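Working through the structure, step by step
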Amino acid sequence: MNSSFDLEAAILSWKKNLHKHQGIEPADIEELEDHLRSNIEELVDDNYSIESAFNTIIARDWENVKTVSREFYTMRTKKNQLPIALLNNFLKVSFRSIRKRWSYSIINLFGLVLGLSSVFGISIYVVQELSYDHFHKNGSEIYRVVNVFTRASGELRYPSAPPALAPAIGTSLPGIERVSRLRVTDDILIEYEGKQFFETEGFYADSSFLKMFSFSLEQGNLNALDLPNSIVLTRSMGKKYFGEENPMGKILTFDNDRSLKVTGILDEIPQNSHINFNFLISFSTYVVPEGYLADLTSWGWLGFPTYFQTDKNANIEDLEASLVATYKELNASNANRDIEIVLQPLYDIYLKSGNLSNPHGGVFATNSIQTILSLVAIASLILFVASFNYLNITTASFQTRFKEMGLRQVIGSGKSKIIVQLITESFITVSLAGIMALMVAYAGLSFGFEEIATERLINFETIAVAITIIVALSLTLGMIIGLVAGASLVRAKMLELLKGKQKLQSSKGYLKHSMLFIQYLISAGLIMLSIVVGNQINYMSEKELGFEKEGIIVLSGLNDQIADSYERLSQKMRLNPEILSSSLASHAFEGHSSSSPMRRVEWADDQSFQSGYYQVGYEFLEVSGVKLKDGRFFSKTIASDSTNAIVLNETAAKAMDIASADGQKVRFAGGVDYEVIGIMEDFHFRSLHHDIGPLAFIMPFGNPGYIVVKYQTDDLPSVISQIESDWNEVNQGSAGALTVSFLNDMISSQYEKDYYFSSLIRFFTFLAILIACMGLWGLTSIAINLKIKQISIRKVLGAKPLDIALGIGRIFLLAALAGTIVSWPIVHILSTKWLSNFAYHINPDILIFIQSLLIIAAISGATLLSQFFRIDKTNPTDILHSEG
């Protein structure tokens, strides 16, 4: 082995030999040299010496130069065909360049992976949310009836109809093919051969329901709900009661005294359905509970979600007008009222129901289109920051590669091929980041966001979206890189390139500074939004609601039999000293209430306003901590209290100009006249998204549904165990049907989407900051490398590292300050709009701006200092010697 072997001299001699052959053009030689050097490196890695590696490659690949020349000549004579050797070489050179600048490549790659994985994760979620109800074959012809009422208290939009509407309309109106009503079953006890459970997710449904909607039947047919006492189960509910037996034709016992025949088995209800249920009972089975103030002929009882399937060519405005006419024609009390009926498209129900009152307490799934748009905007901003980082670092790093570009041109490589090479490097980086981001997004959704990760996680639509983003981003960033590089190379003189004196065309302008500014603007904006959302969530958690929410258990699963035995159950529970009090209740501050028109008896109907109401027991005030402002509460010693007494909140009393509980009469709940015996202080019976509306307490006229229990104990499991024991003892035959909830959890569930949105904002803010830090680190590193000689001279002359650091980092700190200042009014507008969704909210102030500015300053300062430690450790003599 010759230790004096000179590789560079050998390669120069080899290139001169290539120049002799007409098939090899000067521009090819650089590409072939890269190929040669790459192969030599591979052999050296396999323990070859440099000399033996060179000789091996020459002997293996380049021994017959004429053959190589002929191959190039043949491929050039074929039109529209790119030489495979050159394409392969582009890729190899690109990977070598990425590896050579590994620190910048990792920053670019990791930043893009974070940005793209955020986009993919949100895209999958958004595609899923936008797909709600689209599996129904006739979905574009299905509408839900919305009743719009104008009361003295304002406009109310109810997504339900009176029970008399569907049978009165039928298919008599032109343009209507089918009509179907639903009625929520509430909690019902179902039993089969000793197995009994309280079921909470079901509907009574008209026989046309299965024909209108495309829920998949595994057994039975579309007429399964035609006959009374029929029930259709989902597959999972069938297994729950019957195991591996075939449920068809089996008889279930319903509320201890009625029989239901299984006439159909449904596949599981798709997750992207706004209607969710485990069973359907034929509507002809439904009996209005005893004590209700209306029946199925009512035109005023709005408790029945009603859907129409129209002809494809139906005029919806004409149908709405016909429905209004029908209301007035068939119900004399509506003749002189201002009635509006809106037909809400099925595809709008899930995302566009925010302005509707929901009398069904969240039975139907909904989300906000604003949330979807916000997530899309956040994902776009994250990707924007990652792309800016990539462009900033890559374009800035060009200034470290101008010598390389000059050498390429000296040996014959054309400027166009250099640009293609840079575009190829960009395309490879972005494509690799896209592939890694897909894996990260899939893993994140599968293990961190199971509620999003469904069987539709990976399908044609989501994959198509991901691939489109990858290809579009790769081409866009690649072309931008190529254009920026090309703009510099076209005007560059070869001597300037060789000396490394050429500057990017944009460096004299404002492009780089503008990109830095925009990056800081986005990062600061997200930080401020995160603070606003977090402060609002804390505000909601800490705000006094006007009632006790700690130390209260809510028992559900009551049927009429259990409600009748409440007094015995209450007496047994009160024997436990840890139980302070208990009461029946139809609602438990869970965010909704029953509702009915209310007015003073001497007022006209058109002066009515809509008021919510709870049916409550005698001890409800004691349990809940709601405070009376005037008058008294219900008394067991006054018989009329159980049927004709009412307690109003302050808002309801003010609406009727009632200053005190002096026996004033009001007409309410089915036209019954009630005597006002008390006025209670306002409390937040709905979420803080809503103003405190009018509310009334009346005594139960039906099955209330809940028992609320106030306790004090350090041994909660023991108390719950005792309650279950008392329940089972008093309610023989209903063992195991009790559901125990905590009031605090029920209240928190009202803000579930807000908590989720807050978590997303904070997570994506963290990502944006992380990406920005990586970009800042990369840019300062490049800036230091470009000015390393200047820095070394200043150190030799006695300049302090802090002064040097401030000189280089000044532009970054100014961009951070400017971005934060400009983001403040933008964030103020956006946060004010988001906070308008809450009737009770914080007011964003200058403190949030200061917090954001301090966070940005701290992050920027820490990132810059980590780089400038390099300056302090640098030996200027070594640098000047190497540069000289």
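Details of the structure are given in the entry above.
Anyway, here's the lowdown on the structure attached to this text. These figures come from a predicted structure and were not determined experimentally.

Right, let's talk about the pairing of strand S11 (residues 279–282) for a bit. Along S11, one buried face is formed by Phe279 and Ile281 and the opposite face, lined by Leu280 and Ser282, is buried too. In the sheet, strand S6 (residues 202–205) pairs with S11 via four bridges, with the strands oriented parallel. Within S11, the position partnered with phenylalanine 203 by the bridge is leucine 280. Two elements, strand S8 (residues 230–234) and S11, share three bridges in a ladder whose sense is antiparallel. Bridge assignment links valine 232 to a residue of S11, and that residue is leucine 280.

The next point concerns the packing of aromatic side chains. What the rule picks out here adds up to 37 aromatic pairs. Ring centres 5.3 Å apart and planes at 85° place the aromatic pair phenylalanine 213 and tyrosine 307 in the edge-to-face group. You can see phenylalanine 213 sitting in the loop between helix H8 (209–212) and strand S7 (217–219) and its partner tyrosine 307 sitting in strand S12 (residues 306–310), a full 94 residues away along the chain. Accessibility classification places phenylalanine 213 together with tyrosine 307 in one group, the buried group.

With that settled, the discussion passes to the nonpolar core. Where a protein is soluble and globular, its nonpolar side chains tend to be buried together. The biggest cluster of nonpolar side chains holds 97 residues, and the ones touching the most others in it are Phe620, Phe634, Phe683 and Phe697. In terms of residues, this core owes the most to one element, helix H17 (residues 511–542), which gives 13 residues.

Here we come to helix H9 (residues 235–242). Within the sequence span of H9, burial applies to Met237, Gly238, Tyr241 and Phe242. Buried residues of H9, seen end-on, are gathered within an arc of 110° and therefore sit on one face of the element. Tucked into the core, H9 has its buried residues touching strand S4 (188–192), strand S5 (195–199), S8, strand S9 (251–254), strand S10 (258–266) and S11. At the C-terminal side of H9, glycine 243 shows a positive phi close to 60°.

Spatial ordering of the open sheet is given by S15-S23-S14-S24, a layout of four strands whose pairing is antiparallel. Lying at the two open borders of the sheet, with one neighbouring strand each, are strand S15 (579–585) and strand S24 (739–742). On average, each strand axis in the sheet is inclined to that of its neighbour by 25°, with strand direction left out of account. Pairing of strand S14 (residues 552–556) with S24, which is carried by four bridges, proceeds in the antiparallel orientation. Residue pairing across strands places isoleucine 553 opposite phenylalanine 742, the latter belonging to S24. Packing against the sheet, helix H19 (residues 566–574) makes contact with S14, S15 and strand S23 (706–711), and its axis sits at approximately 165° to S15. The strands touched by helix H23 (residues 716–730) are S14, S15, S23 and S24; relative to S14, the strand with the most contacts, the crossing angle is about 30°.

Below, the discussion takes up the environment of phenylalanine 277. Here phenylalanine 277 shows up in the loop between S10 and S11. Residue classification places phenylalanine 277 among the buried residues on the basis of a relative accessible area of 2%. Sequence spacing of phenylalanine 277 and glutamate 199 is 78 residues, and the spatial spacing of their C-alpha atoms is 10.0 Å. With sequence-adjacent residues up to four places away left out, phenylalanine 277 is seen in contact with Glu201, Gly202, Phe203, Phe209, Phe215, Thr234, Leu266 and Ile269.

Positive phi outside glycine occurs at asparagine 229, with the angle close to 60°. Relative to the assigned elements, asparagine 229 resides in the loop between S7 and S8. Residue asparagine 229 is classed as partly exposed on the basis of its relative accessible area of 31%. A positive phi is found at aspartate 657, a non-glycine position, where the angle reads about 55°.

Together, Leu817, Ile821, Val822, Ile826 and Leu830 make up a nonpolar patch on the protein surface, roughly 400 Å² of accessible area in all. Considering the arrangement of structural elements, one finds valine 822 in helix H27 (residues 801–835).

So, on to the pattern of salt bridges. Tallied over the full model, the rule gives 14 salt bridges. Across the pair aspartate 206 and arginine 181 runs a salt bridge whose closest N-O atoms are separated by 3.0 Å. Note that aspartate 206 is positioned in the loop between S6 and H8 and arginine 181 in strand S3 (residues 176–184), a separation of 25 residues in sequence. Since its relative accessible area comes to 12%, aspartate 206 is described here as buried. For arginine 181, a relative accessible area of 10% gives the class buried. Between lysine 572 and glutamate 729 there is a salt bridge, and its shortest N-O distance comes to 3.4 Å.

Rules used in this analysis
Residues numbered from 1 in each chain as written. Predicted model: local features only at pLDDT ≥ 70, side-chain atom pairs only at ≥ 80, totals over all residues. Heavy atoms only, no water. Buried < 20%, exposed > 50% of the residue type's maximum accessible area, 1.4 Å probe, protein only. Helix = DSSP H or I, 4+ residues; strand = E, 2+ residues; numbered from the N terminus. Pairing = 2+ DSSP bridges. Phe/Tyr/Trp six-rings, centres within 6.5 Å; stacked < 30°, edge-to-face > 60°. Core = buried A, V, L, I, M, F, W, Y, C linked by side-chain atoms within 4.5 Å. Arc of directions from axis to C-beta. Contact = heavy atoms within 4.5 Å. Axes fitted to C-alpha atoms, helices over the stretch in contact; angles between N-to-C directions. Patch = residues over 30% accessible without salt bridge, like charges linked within 9 Å, V, L, I, M, F, W, Y side chains within 5 Å. Areas by Shrake-Rupley, 256 points an atom, 1.4 Å probe, with all protein chains shown as cover. Salt bridge = Lys/Arg side-chain N within 4 Å of Asp/Glu carboxyl O.

Geometry only, nothing functional implied.
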